[in-house]
Amino acid sequence: KAKKGKLGYALYDPSMHAEVLERLRLENDMRRALEEEEFEVHYQPKVQLTTGAMTGVEALVRWRHPERGMISPGQFIPLAEDTGLIVPIGMWVLETACRQAKEWEALHPDSPPLMMAVNLSARQFRHPSLMEDILAALQRSGLEPHKLQLEVTESVVMDNSEHAIGVLRELRKLGVKSAMDDFGTGYSSLGYLKTLPLSNLKVDRSFVKGLGDNAEDSAIVRLVVDLAHTLGLKVTAEGVETAEQVAHLKEMGCDLGQGFYFSRPLASEAMTELLEAGVPL
Ligand code: C2E
Ligand code: CA
Ligand code: CA
Ligand code: CA
């Protein structure tokens, strides 16, 4: 059978044609969006479960499109990843987040320091200039390396093991922290996990969701918390939405929680107000 390319296929299928056009349009818009300063970074608190203190934030990119309004990362990160635009966009997010963290230092008591977490996609993680870019962002912002944490998904870290270990080692040498994002959704070998120089595991939202009502989910979260602690890592539960989930997570000894129960991701001005108020969440 002869293979049909994407455009060849589009000739026969009008809906596919529309989809291709839509992708091209979005890609074009994305190329301009950086120059036009249409991207924003929002920040979501990470909370120490025993005290309710905010010990960090996760930087989450948003695109304020002039005609389409706010576009969530789920709608454009995959395309940015395919086209490689994720590299300059990700670099912009990293720099913005580091500068912001430096600005917020004054509003936050230093022990424990406010950790700034930034997501790295597969393509960024593999990019040859990654270490250089991280160093540049730290130097330009003046942020200390141990106040930066990079979140990398399980599949990325597990994918290309030799390279992944190398990058994680270099980060550790620099003093930058690293977290495995969405843990439990990929296919981690536990033996391999042991060898990775990580500082944090983030339990995927899909397991946190069933805490309490779903015996399997509860067992999985408990297992991940114990596993992480055995390996000397901190655990963060993502997607925490209810007081009941918080109670279960506390009982299991989970370290940090993040989710709508504590706060939605906030624009930088709103986050500044929250930090100024200084009250536990
Ligand atoms: P993620 O890294 O797993 O980020 C957490 C996502 O869960 C965020 O969605 C956040 O708004 C959402 N969330 C937080 N708490 C709750 C909750 O209690 N319930 C529910 N239902 N959702 C919650 P968001 O901001 O739409 O980001 C989606 C994904 O896009 C992120 O998933 C991350 O993989 C990616 N992403 C976001 N910003 C960046 C970035 O700057 N660079 C890269 N490479 N990827 C990014
Ligand atoms: Ca993340
Ligand atoms: Ca996550
Ligand atoms: Ca997730």
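Note that this is a predicted model, so its numbers are computed, not measured.

Q: With reference to specific residues and values, describe the overall build of the chain.
A: The secondary structure content of the chain amounts to 13 helices and nine strands. Its C-alpha atoms give the chain a radius of gyration of 20 Å, within 12% of the compact-globule value 19 Å for 281 residues. Each principal axis of the C-alpha distribution contributes one length, and for the chain these read about 60 × 45 × 35 Å. For the chain, with 281 residues in total, the buried portion stands at 48%. Taking all contacts inside the chain whose residues are at least 6 apart in sequence as the whole, residues at least 24 apart take part in 68%. Put simply, the chain shows about 14,400 Å² of open surface, and 53% of that area lies on carbon and sulfur atoms. The positive charge centre, built from 30 side chains, and the negative charge centre, built from 41, are 4 Å apart in the chain.

Q: Just give me the short version of the coordination of the calcium ion (ligand 4), but keep the residues and values in it.
A: The protein atoms that coordinate the calcium ion (ligand 4) are Asp 182 (OD) and Glu 238 (OE), at distances of 2.6 to 3.0 Å. Between the calcium ion (ligand 4) and the calcium ion (ligand 3) the interatomic distance amounts to 3.2 Å, and Asp 182 serves as a bridging ligand to the pair. With Asp 182 in strand β6 (residues 177-183) and Glu 238 in the loop between β8 (234-237) and α12 (243-252), this pair connects stretches of sequence that are 56 residues apart. You can call Asp 182 partly exposed: its relative accessible area is 24%.

Q: Describe the coordination of the calcium ion (ligand 3), and please don't skip the residues or the numbers.
A: Around a metal, the idealised angle for a tetrahedral arrangement of four donor atoms is 109.5 degrees; for an octahedral arrangement of six donor atoms it is 90 or 180 degrees. Around the calcium ion (ligand 3), the protein contributes the donor atoms Asp 181 (OD), Asp 182 (OD), Glu 238 (OE) and Glu 238 (OE), which lie 2.0 to 2.9 Å from the metal centre. Spacing between the donor residues of the calcium ion (ligand 3) along the chain follows D-D-x55-E. In this structure, the calcium ion (ligand 3) lies 3.7 Å from the calcium ion (ligand 2), and both are coordinated by Asp 181.

Q: Explain helix α13 (residues 268-277) residue by residue, including any values.
A: The α-helix advances 3.6 residues per turn, and as a result positions three or four apart in sequence lie on the same side. Those residues of α13 that sit buried are Ser 268, Met 271 and Leu 275. Here the buried residues of α13 occupy an arc of 60° about the axis, which is enough to place them on one side. Seen from the open side of α13, the exposed residues pointing more than 90 degrees away from its buried face are Glu 269, Glu 273, Glu 276 and Ala 277. Tucked into the core, α13 has its buried residues touching β1 (39-48), β2 (54-65) and α4 (86-104). Looking at the residues trailing α13, positive phi occurs at Gly 278, about 65°.

Q: Run through the site of ligand 1, naming residues and quoting values.
A: The full set close to ligand 1 counts 22 residues, and Gln 44, Arg 62, Arg 205, Glu 241 and Phe 260 are the nearest of them. Here an oxygen atom of ligand 1 and a backbone polar atom of Phe 260 are 2.8 Å apart. The protein chains hide 81% of the 810 Å² of surface that ligand 1 would expose on its own. The element contributing the most residues to the shell around ligand 1 is β2, with four residues. The class makeup of the residues in the shell around ligand 1 is nine nonpolar, six polar and seven charged.

Q: Please set out the nonpolar core residue by residue, giving values where relevant.
A: In this structure, Ile 134, Leu 148 and Leu 196 are the most contacted members of the largest nonpolar core, which totals 78 residues. Broken down by element, the residue count for this core peaks at 10 residues, all from α4. Residue contacts for Ile 134: discarding those within four places in its chain leaves Leu 94, Leu 148, Leu 150, Leu 171, Leu 174 and Val 176.

Q: Account for the side chain of Gln 245, naming residues and giving values.
A: Relative to the assigned elements, Gln 245 resides in helix α12. For Gln 245, a relative accessible area of 6% gives the class buried. A distance of 3.4 Å separates the side chain of Gln 245 from the backbone oxygen of Val 208, its partner in a polar contact.

Q: I'd like to hear about the side chain of Asn 200, residue by residue, with values.
A: Position of Asn 200 among the secondary structure elements: in strand β7 (residues 200-203). Only 3.0 Å separates the side chain of Asn 200 from the side chain of Thr 236, close enough to count as a polar contact. Ignoring sequence-local partners within four residues, the contact set of Asn 200 consists of Gln 149, Ser 178, Ala 179, Met 180, Leu 233, Lys 234, Val 235, Thr 236 and Leu 256.

Q: Account for the pattern of salt bridges, with residues named and values stated.
A: Side chains that differ in charge, positive against negative, can pair when their charged atoms come close. On inspection of all chains with the given rule, the structure shows 15 salt bridges. A salt bridge links Glu 58 to Lys 202, with the nearest nitrogen and oxygen atoms 2.9 Å apart. Taken together, the residues span a long stretch of sequence, with Glu 58 in strand β2 and Lys 202 in strand β7 at a distance of 144 residues. Note on accessibility: Glu 58 and Lys 202 belong to one class, buried. Here Lys 202 and Glu 151 are joined by a salt bridge, their closest N and O atoms 2.9 Å apart. Taken as a pair, Lys 202 in strand β7 and Glu 151 in strand β5 (residues 148-153) lie far apart in primary sequence, 51 residues in all. Of the two residues examined, Lys 202 and Glu 151, each falls in the buried class. Here the residues in one salt-bridge network are Lys 46, Glu 58, Glu 151 and Lys 202, joined through shared partners.

Cut-offs and rules
- Each chain has its residues counted from 1, running along the sequence as written.
- Naming scheme: in the order in which they are written, chains are lettered from A and ligands are numbered from 1.
- Residues qualify for local features only when their pLDDT is at least 70, as the model is predicted, and side-chain atom pairs are given and counted only at 80 or more; totals for whole chains, interfaces and linings, by contrast, use all residues.
- For side-chain calculations, the full set of non-hydrogen atoms in the structure is used, while hydrogens and water are omitted.
- Segments assigned H or I by DSSP are reported as helices when at least four residues long, segments assigned E as strands when at least two residues long, and all are numbered from the N terminus.
- For the radius of gyration, the atoms used are the C-alpha atoms, and the globule rule reads 2.2 Å times the number of residues raised to 0.38.
- Accessibility here uses a 1.4 Å probe with only protein chains present; expressed as a share of the type maximum, an area under 20% marks a residue as buried, one over 50% as exposed, and anything in between as partly exposed.
- Here a residue-residue contact requires only that any non-hydrogen atoms of the pair lie within 4.5 Å.
- For every accessible area listed, the method is Shrake-Rupley and the probe measures 1.4 Å; residues are considered covered only by the protein chains on display.
- Positive charges are assigned to Lys and Arg, negative charges to Asp and Glu, while His and the chain termini are left out of the count.
- By convention, the point assigned to a charge is CZ for Arg, NZ for Lys, CD for Glu and CG for Asp.
- In this analysis a donor is any N, O or S atom within 2.8 Å of a metal ion (3.2 Å for sodium, potassium and calcium), and since water is not included, sites may seem incomplete.
- Starting at the helix axis, one direction is taken to each C-beta atom, and the arc is that of these directions.
- By convention in these notes, a residue is near a molecule or strand provided one of its non-hydrogen atoms lies within 4 Å of it.
- Side-chain atoms alone can form a polar contact between residues adjacent in sequence; in general such a contact is a pair of N or O atoms within 3.5 Å, and within protein one must be able to donate a hydrogen while the other accepts it.
- Polarity classes work like this: nonpolar for Ala, Val, Leu, Ile, Met, Phe, Trp, Tyr, Cys and Pro, charged for Asp, Glu, Lys and Arg, and polar for all others, with Gly in that last group.
- In these notes, a set of buried Ala, Val, Leu, Ile, Met, Phe, Trp, Tyr and Cys residues joined through side-chain atoms within 4.5 Å is what counts as a nonpolar core.
- By salt bridge we mean one thing: a side-chain nitrogen of Lys or Arg within 4 Å of a carboxyl oxygen of Asp or Glu.

Treat this as a map of the structure, not an account of what it does.
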